[in-house]
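# Chains, contacts and geometry: an overview
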Amino acid sequence: MTMTDPIADMLTRVRNANSAGKPTVSMPSSKKLVEIARIMQEEGYGQGIEGEPRATLEITLKYGDKKAKTIRGIKRISKPGLRIYAGKDELPRVLGGLGTAIVSTSNGVMTDRDARKKGVGGEVIAYIW
């Protein structure tokens, strides 16, 4: 059986593992999921990623002192039934710039800050704060 929204599945797995305090979470992998995991790691929400497209992706979540969660919330924005696009001037700011919006652009998957610097818009995939 094929999955209709693997990105939502990934975000749900990360959200559930984070709320349960699990150190790692694994899921089926694809190129886009690896890119989203890479962005999560670069923004400080994860410690490491293992895996490559066509294998199993494993994300090591990051916690602070006394198991304090670094991911407070994670939300899927653009869904298969309703795609949400933003131009270069309309890119969203999550929590006034404290969070991260993941955007899929013609130059690849990147954060909202990187998309603003490069002057490109695209599909808003998710918010992480």
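Scroll up to find the structure.
These figures come from a predicted structure and were not determined experimentally. (Residues numbered from 1 in each chain as written. Predicted model: local features only at pLDDT ≥ 70, side-chain atom pairs only at ≥ 80, totals over all residues. Heavy atoms only, no water.)

## Notes on the overall build of the protein chain
For the protein chain, the helix and strand inventory stands at 3 helices and 8 strands. Going residue by residue from the N terminus, the α and β elements of the protein chain occur as α-β-α-β-β-β-β-β-β-α-β. For the protein chain, the C-alpha radius of gyration of 14 Å lies close to 14 Å, the compact-globule estimate for 129 residues. Dimensions of the protein chain, computed from C-alpha atoms along their principal axes, come out at roughly 40 × 40 × 25 Å. (Helix = DSSP H or I, 4+ residues; strand = E, 2+ residues; numbered from the N terminus. Rg over C-alpha atoms; globule rule 2.2 N^0.38 Å.)

## Comments concerning the sheet that holds strand β2 (residues 46-50)
Sheet architecture is open: 3 strands sit in the order β1-β3-β2, paired in antiparallel fashion. Strands at the two margins of the open sheet, each flanked by one partner only, are β1 (24-28) and β2. Strand-to-strand twist across the sheet, computed as the mean angle between neighbouring axes with direction ignored, equals 20°. Here 5 bridges tie β1 to strand β3 (residues 56-61), and the two strands are oriented antiparallel to one another. In the strand pairing of β3, M27 is matched with L57. Contacts from helix α1 (residues 6-20) reach β1 and β3 within the one sheet, and its direction differs from that of β1 by about 160°. Sheet strands touched by helix α2 (residues 31-42): β1, β2 and β3. Its angle to β2, the strand with the most contacts, is close to 155°. (Pairing = 2+ DSSP bridges. Axes fitted to C-alpha atoms, helices over the stretch in contact; angles between N-to-C directions. Contact = heavy atoms within 4.5 Å.)

## So, α2
Compared with an ideal rise of 1.5 Å per residue, which puts 12 residues at 16 Å, α2 spans 17 Å between its outermost C-alpha atoms and is within 8% of the ideal. Two residues or fewer after α2 comes G44, characterised by a positive phi angle close to 90°. (Expected span 1.5 Å × (residues − 1).)

## Looking at the packing of α1 against α2
Contact geometry of α1 with α2 gives a least axis separation of 10 Å together with a crossing angle of 40°. α2 is crossed by α1, and the crossing has right-handed handedness. Across from P6, I7, M10 and V14 in α1, the residues of α2 making contact are K32, L33, I36, A37 and M40. Split into classes, the residues belonging to the contact of α1 with α2 amount to 8 nonpolar, no polar and 1 charged. (Left-handed = near helix turned anticlockwise from the far one by under 90°. Nonpolar A, V, L, I, M, F, W, Y, C, P; charged D, E, K, R; others polar.)

## Quick notes on the nonpolar core
In this structure, M10, V14, I36, M40, I59 and I71 are the most contacted members of the largest nonpolar core, which totals 25 residues. Among the elements of the structure, α1, β1, α2, β3 and β8 (122-128) are those that each provide at least two residues to this core. In contact with I36, other than residues within four places in its own chain, are I7, M10, I102, V109 and I125. One finds I77, V103, A115 and V124 within the second-largest nonpolar core, a separate group that totals 8 residues. (Core = buried A, V, L, I, M, F, W, Y, C linked by side-chain atoms within 4.5 Å. Buried < 20%, exposed > 50% of the residue type's maximum accessible area, 1.4 Å probe, protein only.)

## As for the pattern of salt bridges
Evaluation of the coordinates by the stated rule reveals 8 salt bridges. A salt bridge links R113 to D112; the nearest nitrogen and oxygen atoms lie 3.9 Å apart. Judged by its relative accessible area of 2%, D112 is buried. Connected via shared salt-bridge partners are E43, D112, R113 and R116. (Salt bridge = Lys/Arg side-chain N within 4 Å of Asp/Glu carboxyl O.)

## Details of the packing of aromatic side chains
Counting across every chain of the model gives 0 aromatic pairs. In this structure, K67 is placed above the aromatic ring of Y63, and the distance from its NZ or CZ to the ring centre is 4.8 Å. (Phe/Tyr/Trp six-rings, centres within 6.5 Å; stacked < 30°, edge-to-face > 60°. Lys NZ or Arg CZ within 6 Å of the ring centre and 35° of its normal.)

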